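Residues per chain are reported as follows:
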Amino acid sequence: MKNFSIKLFVVTLFLLACFTRNGLAQDGGTFYLGYGVATANSIEDVIADIVITTATGGSYKVADSKYTGAIFGGYRAYVTEKLEFGGTFVYENSSKDLLLESTKAGSISTNTYAVLAELKYNYINHENFRLHSGIGAGVAHARSSTKDDVIIEKDKTTDFAYQVDAIGFSYGNAFSVSLNVGYGYKGIANLVLAYKLGRR
């Protein structure tokens, strides 16, 4: 996990350095932070729990499921008048208790980290209002810890990470807020606060 986290950090810094250089060269660029709900991870996890509970006739159940939602941040810069390119780092935590015949048998906690390259297209690109769509793809690394009364088991997985923002709008100039609706690692709905360097 430590080595992978270092690699993610290095890749993120490299992407940000490249995008920042490009953005500053074109007199602009945007840093942003956001939060998303109902992520692809959480939805797929809930569906898997339902399937397993049904398949075992209810002997296996999940209780007290918790999801932090997607916490993300990144940078993007204009490459054409309406198209932006950038990168983002996403984090999400989930936890739940495992019940066997209504008795707690253990618990699972999962931390997911993802790095995505993203494209954002602005259909309407006024100074203070923008209507846009976006798509992103990258890699996600998840670390799960399963605990019971005796042992702690750890597991690591690496998967394809993605985000499709079907539609979104932004309001503001130097500082702006945006709401996006789509599906993926940043959620069905995500809210973003952004700061633009210079003027486009």
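Everything below is about the structure shown above.
Residues numbered from 1 in each chain as written. Predicted model: local features only at pLDDT ≥ 70, side-chain atom pairs only at ≥ 80, totals over all residues. Heavy atoms only, no water.

**Some words on the packing of aromatic side chains**
Tallied over the entire structure, the rule returns 8 aromatic pairs. Relative to Tyr75, the ring of Phe31 lies with its centre 4.6 Å away and its plane at 55°, an arrangement referred to as tilted. Here Tyr75 lies in strand 3 (residues 70-78) and Phe31 lies in strand 1 (residues 30-37), a separation of 44 residues in the sequence. On the accessibility criterion, Phe31 (35% relative accessible area) is partly exposed. Overall, Tyr75 belongs to the buried group, its relative accessible area being 0%. Connected via pairs of aromatic rings, a cluster forms that spans Phe160, Tyr162, Tyr183 and Tyr185. The ring of Phe72 carries Lys186 above its face, with NZ or CZ at 4.6 Å from the centroid. (Phe/Tyr/Trp six-rings, centres within 6.5 Å; stacked < 30°, edge-to-face > 60°. Helix = DSSP H or I, 4+ residues; strand = E, 2+ residues; numbered from the N terminus. Buried < 20%, exposed > 50% of the residue type's maximum accessible area, 1.4 Å probe, protein only. Lys NZ or Arg CZ within 6 Å of the ring centre and 35° of its normal.)

**Quick look at the environment of Ile43**
Within the fold, Ile43 resides in helix 2 (residues 40-55). When the C-alpha atoms of Ile43 and Ile188 are compared, they prove to be 9.8 Å apart, with 145 residues separating the residues in sequence.

**Quick notes on the pattern of salt bridges**
For the structure on display, the rule yields 7 salt bridges. The partner of Lys96 in a salt bridge is Asp45, and the shortest N-O contact between them spans 3.0 Å. Note that Lys96 is positioned in strand 4 (residues 83-100) and Asp45 in helix 2, a separation of 51 residues in sequence. Judged by its relative accessible area of 11%, Lys96 falls in the buried class. (Salt bridge = Lys/Arg side-chain N within 4 Å of Asp/Glu carboxyl O.)

**Some points on the side chain of Ser178**
Considering the arrangement of structural elements, one finds Ser178 in strand 8 (residues 175-184). Assessed through its relative accessible area of 5%, Ser178 is described here as buried.

**Description of the nonpolar core**
Counting 11 residues, the largest nonpolar core is built from Tyr32, Ala70, Phe72, Val90, Ala114, Leu116, Ala140, Ala161, Tyr185, Val192 and Ala194. Mapped onto this core, the elements with two or more residues apiece are strand 3, strand 5 (103-125) and strand 9 (189-196). Contact partners of Ala140, with chain neighbours within four places excluded, come to Thr112, Tyr113, Ala114, Thr157, Thr158, Asp159, Ala161 and Tyr185. (Core = buried A, V, L, I, M, F, W, Y, C linked by side-chain atoms within 4.5 Å. Contact = heavy atoms within 4.5 Å.)

**Quick word on the pairing of strand 9**
Burial of the side chains of strand 9 is restricted to one face: Asn190, Val192, Ala194 and Lys196 are buried, whereas none of Ala189, Leu191, Leu193 and Tyr195 on the reverse face is. Bridge count for strand 1 against strand 9 is 8 bridges, and the pairing is antiparallel. Residue pairing for strand 9: Thr30 is matched across the bridge by Lys196. Judged from the 7 bridges that link them, strand 8 and strand 9 form a sheet pairing that is antiparallel. The residue bridging Val181 from the neighbouring strand is Ala189, located in strand 9. In this structure, the hairpin formed by strand 8 and strand 9 is closed by a connection of 4 residues, where Gly187 is found at a positive phi of approximately 100°. (Pairing = 2+ DSSP bridges.)

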